[in-house]
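A closer look at the structure
Residue-level listing of the chains:
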Number of protein chains: 4
Amino acid sequence: MHPAPADERNSDVQLGMVGLGRMGGNMAERLRAAGHEVVGYANDGSGDVGSLDELVKALSAPRTLWLMIPAGEPTHSTVRSLADLLDEGDLVVDGGNSKFTDDTVHAELLDAHGIRYVDCGVSGGVWGRTEGYGLMAGGDPADIERMMPVFDALRPEGPREEGFVHAGPVGAGHYAKMVHNGVEYGLMQAYAEGYELLNAGGPVENVGAVMKAWSRGTVVRSWLLDLMVRALEDDPHLDRITGYAEDSGEGRWTVDEAILHAVPLPVISAALFARFASRQVDSPAMKAVAALRAQFGGHAVHKAGDAALEPPTGG
Amino acid sequence: MHPAPADERNSDVQLGMVGLGRMGGNMAERLRAAGHEVVGYANDGSGDVGSLDELVKALSAPRTLWLMIPAGEPTHSTVRSLADLLDEGDLVVDGGNSKFTDDTVHAELLDAHGIRYVDCGVSGGVWGRTEGYGLMAGGDPADIERMMPVFDALRPEGPREEGFVHAGPVGAGHYAKMVHNGVEYGLMQAYAEGYELLNAGGPVENVGAVMKAWSRGTVVRSWLLDLMVRALEDDPHLDRITGYAEDSGEGRWTVDEAILHAVPLPVISAALFARFASRQVDSPAMKAVAALRAQFGGHAVHKAGDAALEPPTGG
Amino acid sequence: MHPAPADERNSDVQLGMVGLGRMGGNMAERLRAAGHEVVGYANDGSGDVGSLDELVKALSAPRTLWLMIPAGEPTHSTVRSLADLLDEGDLVVDGGNSKFTDDTVHAELLDAHGIRYVDCGVSGGVWGRTEGYGLMAGGDPADIERMMPVFDALRPEGPREEGFVHAGPVGAGHYAKMVHNGVEYGLMQAYAEGYELLNAGGPVENVGAVMKAWSRGTVVRSWLLDLMVRALEDDPHLDRITGYAEDSGEGRWTVDEAILHAVPLPVISAALFARFASRQVDSPAMKAVAALRAQFGGHAVHKAGDAALEPPTGG
Amino acid sequence: MHPAPADERNSDVQLGMVGLGRMGGNMAERLRAAGHEVVGYANDGSGDVGSLDELVKALSAPRTLWLMIPAGEPTHSTVRSLADLLDEGDLVVDGGNSKFTDDTVHAELLDAHGIRYVDCGVSGGVWGRTEGYGLMAGGDPADIERMMPVFDALRPEGPREEGFVHAGPVGAGHYAKMVHNGVEYGLMQAYAEGYELLNAGGPVENVGAVMKAWSRGTVVRSWLLDLMVRALEDDPHLDRITGYAEDSGEGRWTVDEAILHAVPLPVISAALFARFASRQVDSPAMKAVAALRAQFGGHAVHKAGDAALEPPTGG
């Protein structure tokens, strides 16, 4: 665990972390290792305090709270509660995967009580605790500045601008994260298609070794490739996994947003649709295609003798 | 069965039909109904003669033979045999689904023996016997002219140019048919996607009735839509069919040809790939995507308590 | 102009038509030709009355009004005005291209005043006046029944169910029309890709004649194909048109709705994105791809001598 | 320049390099820096010798030649010449971007003279000289073993298996490189789409800074992203580049190969088609779509007054 060098930090800060799952819990650990004080709260009783109210009371004003909880209703209701519990001058950061349009609503709700709001997209998954988290923040410059010691502790080592950005006003952080995730869908699908083709019958004898050899020097080297190599070392033919891929919302929002702005998004949308299709037991659309083929070909069953000397009746 | 009006026919002709499956058999019937003489041969013994050799002997020179057999080796070997059996001035029409590049080879092989060659893409499936077949022919003008009585009998009623075209030199007929089938893939998938979306949870209560109401007056009315309506009247939720769709080659050739000429083909290729995917029990690519997601999320199983208050760890 | 046979009509009715553009004006003509009384209003002064207020006064209660005006604010404000102007028991049909989610809002707004509401998707374009319009309606059964004389006059000749559907409750008509338009995008793009490929260098010599020959007997025959044939007869190489394709909203809503329901829509989305791309003078995405290629290849200009004997430096 | 540690090298070797462009020239430099002897030949007279014949004579038997020249005819003719010039036991490596199907032909041609053949896909572009080249080799194990000192010098520092793979028999190296490049197309397009969407009107104020902040800690970090960041630092809005993207063959072969094996490749094909489209001054397909829209809308010009109060006539 290597947080940013001390000379880039303004000072150690106190932070309330709401949500202590794999993301929030790891982030709290990384912040503490960097010398910050974190008071944690989780609704399963695993935190340092037993309620939001206790969390607020445990922090010194002006308070800083970081939300690391599911987007949608859990975040909405927490923001509503905090609007009542917090004082003027306190600051809330939403580090979860909220849609950027939620940020404006949350910021306005809190602003009516004089409470500041920052949105921050966080990337890195379970690796972030040791490697640092990529951060994309949106908000007023003064609020971003106030949070810099926290951002510096969470982000990876190296130049600040390579792992952190103040992307724009409230909402810009989650917007940047949304597009990040859309890009991620496209990248993952590209590797996945390559993986499938390498296995499909060509002369390559060891697909795992080929993908591992892409790790250095090639144009396609990346952290996702490194993860692919790890997955194949663990399970060389992915026998222990089924081709069922969830999506967590940002990919959908990315395509919706592209449609709003008339931006062609053929690759990212194809990656999203491949995930949708992966979850279908049987595809209604392909039933329709099969039904149409049966319609031109007639309902009769193919007779073996015929089949030997006739072309198909349709495409 | 309504062949073209007699005044468009030059004269009744004699034709040898090789292949008497659903396509060749129906075409022979339509030709006979139009007054032409058809001697049929099939390699399952169902024809009028027992061998290619007998077929050739049963026809008066200059002979005309129509091949309606599977593309690839069955057609290749039949053409090779005919090169030896036929005489100068005879004519062979390949009405099967051969790739257009095969036509040049077959034409040259036969030309060395003074035998003429025409390729003819045939569309219409099992409906063609009564409704007529859409025909796309390639070859020398004199050979096309010679075949016009046959083409006129096979094509639908109405103006000749609405159901028949001399598309260009040898190969052009199968090329036009290849593109026709590529377009067909796109059309089928478009209806299929609409069918799936109508069923996906919106306010529409009777999807079959909606698609039937598209039959007249709308922009999307078509013969394929009529077939879709028939399929849904027969099996309203397509319960008796699985979403498994074959492809018969022309769609693949269409995309390959587009790639050769640097023509973007996003819709037709998407329709082709949807068919490929429909035949996979599990998708290797989507296993790879799922494996990557597991890599960022860590191998640990989600714990119920955590899940309640944490955002997903990645897209 | 051939409206439905009289024995399918309940009785002649009186209708107020709001919007007399190419759609509303033609529909008014078709309704009058069927014996119905239409009082027309347009905000450009071209109608029978000079204001909405006058239109309402010109109709006998219980009144029926058909809106054929642009979706969005023009429709919203007209519905708001009608809520004040109309009386209990009057009925408003929105025949424009409103989003199905607007229908619920409009229906509730009018229902508060005891005014009935039906939504009706209308397909057929400028051809509808003579050929009839494909109609997809949503609403309460009693309201649909009340409108049947109008629907029967507007729809094409032939069985009612082939050109009209009561698709479900309020919103279902516009939903069915939305999906219809999404399918339409896919169909158009499929023909368009086929047109481009036929022109791209293969052996086909007369692309217009090939597409015309698809008009009868083939699997791809359709009304859109007939329009394509007309377009090519008018302008064989489409020299008088540029490859710039607008979209009018329904295609976007179709993809958004598919995303909401996790329905894969590869073909319809590809068709939509092709339209977006067609309107770009230069593609930012492709600038980025070109920039990346320059990055691996180095900033140096290619030297002629080198180029002759070296492979490209990247894909 | 940091070639692999000496303890992984068997011995210094002598190599003839055919082709001294940006790839071959840089590779020769890297090999020399690693202590190997390279005799270079280029057909523009820039090498150490003036002809292939002189190159062969300048090397001690058993000779090793590395071809780094354009795929297709230049490589074919060079292999044919070498078949005559070389002796039994000599070895030819094709490091260019040949199609894997060429490898079998070249290997058989040389094998008839007792000459060995290895194919080696090389990735890394102009950066390879200093960072090392990702290598994917195909051939007999003994031939691969014989080439290991050269491979070790060319590949990046670090574990051999992270920058080199013996992928299988002759052809497997170029096959692996082909798929690598297909994946590369998908990756590039994914970043490019993200770049375009970030610029399309959302709240993000500095797109370059956002993409730079993806460099560390995020899921999308990669070498291609680093290149994107460099490109944007150099030209923040890519004003100095047009959205015109070439392709060098491997992407096409990848899609063709996927079609052969019935592998769905939606993302890689979409990326390929986006490049095709980027090079069109006007799209014939989109002219066809525009023509169809004009057909339903009628040829009449929109009148301003009408437009204000009517919906579009079609999708």
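Computed from a predicted structure; not experimentally measured.

Describing the overall build of chain A
Counting secondary structure elements, chain A contains 13 helices and seven strands. Here the C-alpha radius of gyration of chain A, 25 Å, is well above what a compact globule of 315 residues would show, namely 20 Å. Projected onto the principal axes, the alpha-carbon positions of chain A cover approximately 85 × 40 × 40 Å. The burial tally for chain A puts 62% of its 315 residues in the buried class. The long-range fraction of contacts in chain A, counting pairs at least 24 apart against all pairs at least 6 apart in sequence, stands at 66%.

Observations concerning the interface of chain C and chain D
Chain C puts 76 residues into the contact, and the matching count from chain D is 77 residues. The junction of chain C with chain D conceals about 6600 Å² of combined surface from both sides, 64% of it contributed by carbon and sulfur atoms. Across the chain C-chain D interface, the total number found is 16 residue pairs in polar contact (both at pLDDT 80 or more). In terms of residue count, helix H12 (residues 284-297) of chain C provides more of the side of chain C that touches chain D than any other element does, 13 residues in total. Residues that form the side of chain C that touches chain D fall into these classes: 36 nonpolar, 24 polar and 16 charged.

Quick notes on the packing of aromatic side chains
Residue and element names in this part refer to chain D. Within this structure, the stated rule accounts for 20 aromatic pairs over all chains. With a centroid separation of 4.7 Å and 75° between ring planes, the pair formed by Phe100 and Tyr175 is classed as edge-to-face. With a gap of 75 residues between them, Phe100 in helix H4 (residues 100-111) and Tyr175 in helix H7 (residues 172-198) connect regions that are remote in the sequence. As far as the burial class goes, Phe100 and Tyr175 line up, both buried.

Brief notes about the nonpolar core
Counting residues in each nonpolar core, the largest one holds 239 residues, and the members touching the most others are Trp214 of chain A, Trp214 of chain B, Trp214 of chain C together with Trp214 of chain D. Among all residues touching Trp214 of chain A, those that are not within four sequence positions of it are Leu198, Val220, Arg221 and Leu225 of chain A together with Met136, Glu162, Ala176, Val179, His180 and Val183 of chain D. Met17, Ala28, Leu31 and Ala137 of chain B belong to the second-largest nonpolar core, a separate cluster that totals 29 residues.

Observations concerning the sheet that holds strand E3 (residues 64-67) of chain A
All names here are of chain A. With respect to topology, seven strands assemble into an open sheet ordered E2-E1-E3-E4-E5-E6-E7, the strand pairing being mixed. Edge positions in the sheet fall to strand E2 (37-41) and strand E7 (164-168), since each of these pairs with one other strand and no more. Ignoring strand direction, the axes of neighbouring strands in this sheet form an average angle of 25°. Direction of pairing for strand E5 (residues 116-123) relative to strand E6 (residues 134-138): antiparallel, over a ladder of five bridges. Counted as the bridge partner of Cys120 is Ala137 from E6. Against the sheet, helix H6 (residues 141-154) makes contact with strand E1 (14-18), E3, strand E4 (91-94), E5, E6 and E7, and its axis sits at roughly 35° relative to E5, the strand it touches most.

As for the relation of the copies chain C and chain D
Screw-axis analysis of chain C against chain D gives a translation of 0.0 Å along the axis, an RMSD of 0.0 Å, and a rotation angle of 180°. What the superposition gives is, in effect, a two-fold axis relating one chain to the other. Counting the interface residues of chain C, we find that 100% of their copies in chain D are interface residues as well, pointing to one common contact surface.

Details of the packing of helix H3 (residues 73-85) of chain A against helix H4 (residues 100-111) of chain A
All names here are of chain A. Direction vectors running N to C along H3 and H4 enclose 15°, while the axes themselves pass 9 Å from each other. In terms of orientation, H3 and H4 fall into the roughly parallel class. Where H3 crosses over H4, the handedness of that crossing is right-handed. Packed against H3, whose contacting residues are Thr75, His76, Val79, Arg80, Leu82 and Ala83, the element H4 presents Asp102, His106, Leu109 and Leu110 at the interface. Taken together, the residues of the contact of H3 with H4 sort by class into five nonpolar, three polar and two charged.

Topic: the domain arrangement of chain A
Many descriptions give the size of an interface as the accessible area lost when the pieces come together. Residue and element names in this part refer to chain A. Here the domain parsing of chain A yields domain 1 (6-170) and domain 2 (179-278). Summarising the inter-unit geometry, the C-alpha centres of domain 1 and domain 2 are found 30 Å apart. Buried area between domain 1 and domain 2, both sides added, is near 690 Å², and the carbon and sulfur share of it is 64%. Sorting the residues of domain 1 by area buried against domain 2 places Asn97, Lys99 and Trp127 first, and these three jointly supply 61% of that buried surface.

With respect to the interface of chain A and chain C
Counting from both sides, the interface comprises 20 residues of chain A and, opposite them, 20 residues of chain C. The junction of chain A with chain C conceals about 1500 Å² of combined surface from both sides, 73% of it contributed by carbon and sulfur atoms. The three residues of chain A that bury the most area against chain C are Ile259, Pro264 and Phe273 of chain A, which together make up 40% of that side's buried surface. Our count for the contact surface shared by chain A and chain C stands at zero salt bridges. Here chain A is connected to chain C by two residue pairs in polar contact (both at pLDDT 80 or more). Elements represented by at least two residues in the side of chain A that touches chain C include exactly helix H10 (250-260) and helix H11 (266-278) of chain A. By residue class, the composition of the side of chain A that touches chain C is 15 nonpolar, two polar and three charged.

Side note on the UniProt feature "active site" (unreviewed entry) in chain A
Residue and element names in this part refer to chain A. Per the UniProt record, the feature "active site" (unreviewed entry) sits at Lys177. Tracing the backbone shows Lys177 in helix H7 (residues 172-198). Dropping the residues within four chain positions of it, Lys177 is found in contact with Asn97, Gly121, Val122, Ser123, Met136 and Glu250.

Description of the pairing of strand E7 (residues 164-168) of chain D
Most of E7 of chain D sits out of view: four of its five residues are buried. The handedness of the strand E6 (residues 134-138) of chain D to E7 of chain D crossover, carried by helix H6 (residues 141-154) of chain D, is right-handed.

What to know about the environment of Thr78 of chain B
Residue and element names in this part refer to chain B. Tracing the chain through its elements places Thr78 in helix H3 (residues 73-85). Residue classification places Thr78 among the buried residues on the basis of a relative accessible area of 10%. When the C-alpha positions of Thr78 and Ile144 are compared, they lie 21 Å apart, and in sequence the two are 66 residues distant. Discounting residues that sit within four places of it in the chain, Thr78 has contacts with Val18, Leu52, Leu67 and Ile69.

Examining helix H4 (residues 100-111) of chain B
What sets the pattern is the α-helix's 3.6 residues per turn: residues three or four places apart point alike. All names here are of chain B. Under the 1.5 Å per step criterion, the end-to-end length of H4 is 17 Å for twelve residues, consistent within 8% with the ideal 16 Å. Residues Phe100, Asp102, Asp103, His106, Ala107 and Leu110 constitute the buried set of H4. Each buried residue of H4 sits inside an arc of 135° when the element is viewed along its axis, so together they form one side. Away from the buried face of H4 by more than 90 degrees, exposed residues Val105 and Glu108 are located.

Focus on H6 of chain A
Residues and elements named next belong to chain A. Here H6 spans 19 Å end to end across 14 residues, near enough to the 20 Å set by a 1.5 Å rise per residue. Largest kink in H6: about 55°, centred on Met148, with the proline Pro149 one to four residues after it. Taking burial as the measure, the 14 residues of H6 include ten buried ones, the bulk of the element. Those residues of H6 not exposed but buried are Asp143, Ile144, Met147, Met148, Pro149, Val150, Phe151, Asp152, Ala153 and Leu154.

Focus on the sheet that holds strand E2 (residues 37-41) of chain D
Residues and elements named next belong to chain D. The mixed open sheet is built from seven strands, whose spatial order is E2-E1-E3-E4-E5-E6-E7. Here the strands that pair on one side only, and so sit at the sheet edges, are E2 and E7. If you compare each strand with its neighbour and ignore which way they point, the axes differ by 25° on average. Sitting on the sheet, helix H3 (residues 73-85) is in contact with strand E1 (14-18), strand E3 (64-67) and strand E4 (91-94), with an inclination near 165° to E3.

What about unusual backbone geometry?
Residues and elements named next belong to chain A. With an omega of -10°, the peptide bond between Ala61 and Pro62 qualifies as cis. Note on placement: Pro62 falls in the loop between helix H2 (52-58) and E3. With a phi angle near 55°, Ala262 is a residue other than glycine that sits in the positive phi range. Assignment of secondary structure puts Ala262 in the loop between H10 and H11.

So, the packing of H10 of chain A against H11 of chain A
Residue and element names in this part refer to chain A. The contact between H10 and H11 brings their axes to 10 Å, and the two run at 135°. Judged on the interaxial angle alone, H11 and H10 are oblique. The chirality of how H10 crosses H11 is left-handed. Between H10, through Gly251, Arg252, Thr254 and Val255, and H11, the contact on the second element is made entirely by Ile268, Ser269, Leu272 and Phe276. Its residues assigned to classes, the contact of H10 with H11 shows four nonpolar, three polar and one charged.

Observations concerning the side chain of Asp247 of chain C
All names here are of chain C. Looking at the element boundaries, Asp247 is found in the loop between helix H9 (223-234) and helix H10 (250-260). Note on Asp247: relative accessible area 12%, which makes it buried. Within the local environment of Asp247, its side chain forms a polar contact with the side chain of Arg252, the two groups lying 2.7 Å apart. Side chain to side chain, Asp247 and Arg279 meet in a polar contact 2.9 Å long.

Definitions and limits used
Residues numbered from 1 in each chain as written. Chains lettered and ligands numbered in written order. Predicted model: local features only at pLDDT ≥ 70, side-chain atom pairs only at ≥ 80, totals over all residues. Heavy atoms only, no water. Helix = DSSP H or I, 4+ residues; strand = E, 2+ residues; numbered from the N terminus. Rg over C-alpha atoms; globule rule 2.2 N^0.38 Å. Buried < 20%, exposed > 50% of the residue type's maximum accessible area, 1.4 Å probe, protein only. Contact = heavy atoms within 4.5 Å. Buried area = accessible area lost by both parts, 1.4 Å probe. Polar contact = N/O pair within 3.5 Å; in protein donor to acceptor, adjacent residues only side chain to side chain. Nonpolar A, V, L, I, M, F, W, Y, C, P; charged D, E, K, R; others polar. Phe/Tyr/Trp six-rings, centres within 6.5 Å; stacked < 30°, edge-to-face > 60°. Core = buried A, V, L, I, M, F, W, Y, C linked by side-chain atoms within 4.5 Å. Pairing = 2+ DSSP bridges. Axes fitted to C-alpha atoms, helices over the stretch in contact; angles between N-to-C directions. Least-squares fit on C-alpha atoms with pLDDT ≥ 70 in both. Parallel < 35°, antiparallel > 145°, perpendicular 65-115°, else oblique. Left-handed = near helix turned anticlockwise from the far one by under 90°. Domains from an automatic or database assignment. Salt bridge = Lys/Arg side-chain N within 4 Å of Asp/Glu carboxyl O. UniProt positions renumbered as here; feature names shortened; annotations may be inferred. Right-handed = clockwise from strand over helix to strand, strands pointing away. Expected span 1.5 Å × (residues − 1). Arc of directions from axis to C-beta. Bend = angle between axes of the 7 residues up to and from the residue.

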